[in-house]
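# Observations on the three-dimensional arrangement
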Amino acid sequence: MRVIAGSARGVPLRSPSADGTRPISDRGKEALFSILYPRLPGCAFLDLFGGVGGAGIEALSRGADHATFVELTAAVVEDLRFNLDKTRLADRATVIHGDAFAFLDRPPSPFDIIFVAPPQWQGLWTKTMAMLDGRPGWLAEDGLIVAQHDPKEDEDLALEHFERVRSKAYGGVQFGFYTRVAQG
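These numbers were taken from a predicted model, which means no experiment stands behind them.

This part covers the sheet that holds strand 4 (residues 111-116). Spatial strand order, 3-2-1-4-5-7-6: seven strands in an open sheet with mixed pairing. Of all the strands in the sheet, just strand 3 (93-97) and strand 6 (162-170) have a single pairing partner and so form its edges. Between one strand axis and the next, the sheet turns through 15° on average, direction left out of account. Two strands pair when backbone bridges link them, and strand 1 (residues 44-48) and strand 4 are joined in this way by four bridges, in the parallel orientation. Each bridged residue has a counterpart across the sheet, and for Leu46 the counterpart in strand 4 is Ile114. Relative to the sheet, helix 3 (residues 74-87) contacts strand 2 (66-71) and strand 3, its axis offset from that of strand 3 by approximately 170°.

This is the structure:
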């Protein structure tokens with residue numbers, strides 16, 4: 001596991017010290033960030049279920065202004081902080097040791113890109129999307145939500161404020177891309 005491109009290109013990232021965290025693969029990350037690249041420069045990036053920071057660190061390395069990471073497991077938070085220090089990107093990051101759902105229950109502050117990659121097979125990606133839909137202020141007007149899950153977990157969601165505009169599968173990973181519903 002490493003940073004694929006940008007200012008921290010090639011820096012290896014520490015793997016999680018605790019069970020239950022599945023970092024994004026280099027292949028999946030490369031595919032995802034080739035899609036996200038035009039949106040990254042200057043963006044505010046929210047990495048819910050941040051793990052060791054693979055997605056948010058990649059965003060920072062490729063030009064995001066700031067990334068906020070939310071991670072529940074204390075040992076994994078330490079791994080995340082280590083990776084931010086190792087890549088020299090910690091000054092543009094906020095790490096929140098806490099529950100993603102409690103974080104989303106706070107008054108919203110908009111992000112340009114929200115990355116949702118919770119543990120699989122627990123219904124958490126759909127629960128997160130429903131919570132974001134109930135609090136759409138978390139996403140900037142022209143922002144993008146990316147939900148990562150196992151392709152076998154994929155389902156169409158009945159959302160009021162967001163719509164899936166793209167879906168892409170790479171092996172055992174699927175990315176759903178959601179934007180605000182067009183007002184018209």
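What follows is about unusual backbone geometry. You will see that Phe49, though not glycine, has its phi angle at about 55°, which is positive. Checked against the element boundaries, Phe49 lands in the loop between strand 1 and helix 2 (54-61). Residue Arg88 is not a glycine yet carries a positive backbone phi of 60°. As for its position among the elements, Arg88 is in the loop between helix 3 and strand 3.

Now for the side chain of Glu58. Among the structural elements, Glu58 can be located in helix 2. Glu58 gets classed as buried once you look at its relative accessible area, which sits at 0%. Polar side-chain contacts of Glu58 include one of 2.8 Å to the backbone nitrogen of Ile4. Setting aside chain neighbours within four positions, we find Glu58 in contact with Arg2, Val3, Ile4, Ala5, Lys29, Phe33 and Gly53.

Evaluated as defined, the whole model comprises five aromatic pairs. For the ring pair Phe111 and Trp138, a centre distance of 6.3 Å and an interplane angle of 20° mean the geometry is stacked. You can see Phe111 sitting in strand 4 and its partner Trp138 sitting in the loop between helix 5 (124-134) and strand 5 (139-149), a full 27 residues away along the chain. For the pair formed by Phe111 and Trp138, the shared burial category is buried. The ring of Phe101 carries the charged tip of Lys127 above its face, separated from the ring centre by 4.2 Å. Its guanidinium or amino end placed over the ring of Phe177, Arg166 lies 5.9 Å from that ring's centre, counting from NZ or CZ.

This next bit is on the nonpolar core. By size, the foremost hydrophobic cluster in this structure holds 34 residues, and its most contacted members are Leu36, Phe45, Phe69 and Leu84. Residue assignment for this core shows that the elements contributing at least two residues are helix 1 (26-36), helix 2, strand 2, helix 3, strand 3, strand 4, strand 5 and strand 7 (173-180). With five residues, the single largest contributor to this core is helix 1. Those residues in contact with Leu36 that lie beyond four places of it in its chain are Ile113, Leu144, Val146 and Phe177. By size, the runner-up hydrophobic cluster in this structure holds 23 residues, among which are Leu48, Ile96, Phe101 and Leu104.

Here is what the cut-offs are and how they apply
Residues numbered from 1 in each chain as written. Predicted model: local features only at pLDDT ≥ 70, side-chain atom pairs only at ≥ 80, totals over all residues. Heavy atoms only, no water. Pairing = 2+ DSSP bridges. Helix = DSSP H or I, 4+ residues; strand = E, 2+ residues; numbered from the N terminus. Axes fitted to C-alpha atoms, helices over the stretch in contact; angles between N-to-C directions. Contact = heavy atoms within 4.5 Å. Buried < 20%, exposed > 50% of the residue type's maximum accessible area, 1.4 Å probe, protein only. Polar contact = N/O pair within 3.5 Å; in protein donor to acceptor, adjacent residues only side chain to side chain. Phe/Tyr/Trp six-rings, centres within 6.5 Å; stacked < 30°, edge-to-face > 60°. Lys NZ or Arg CZ within 6 Å of the ring centre and 35° of its normal. Core = buried A, V, L, I, M, F, W, Y, C linked by side-chain atoms within 4.5 Å.

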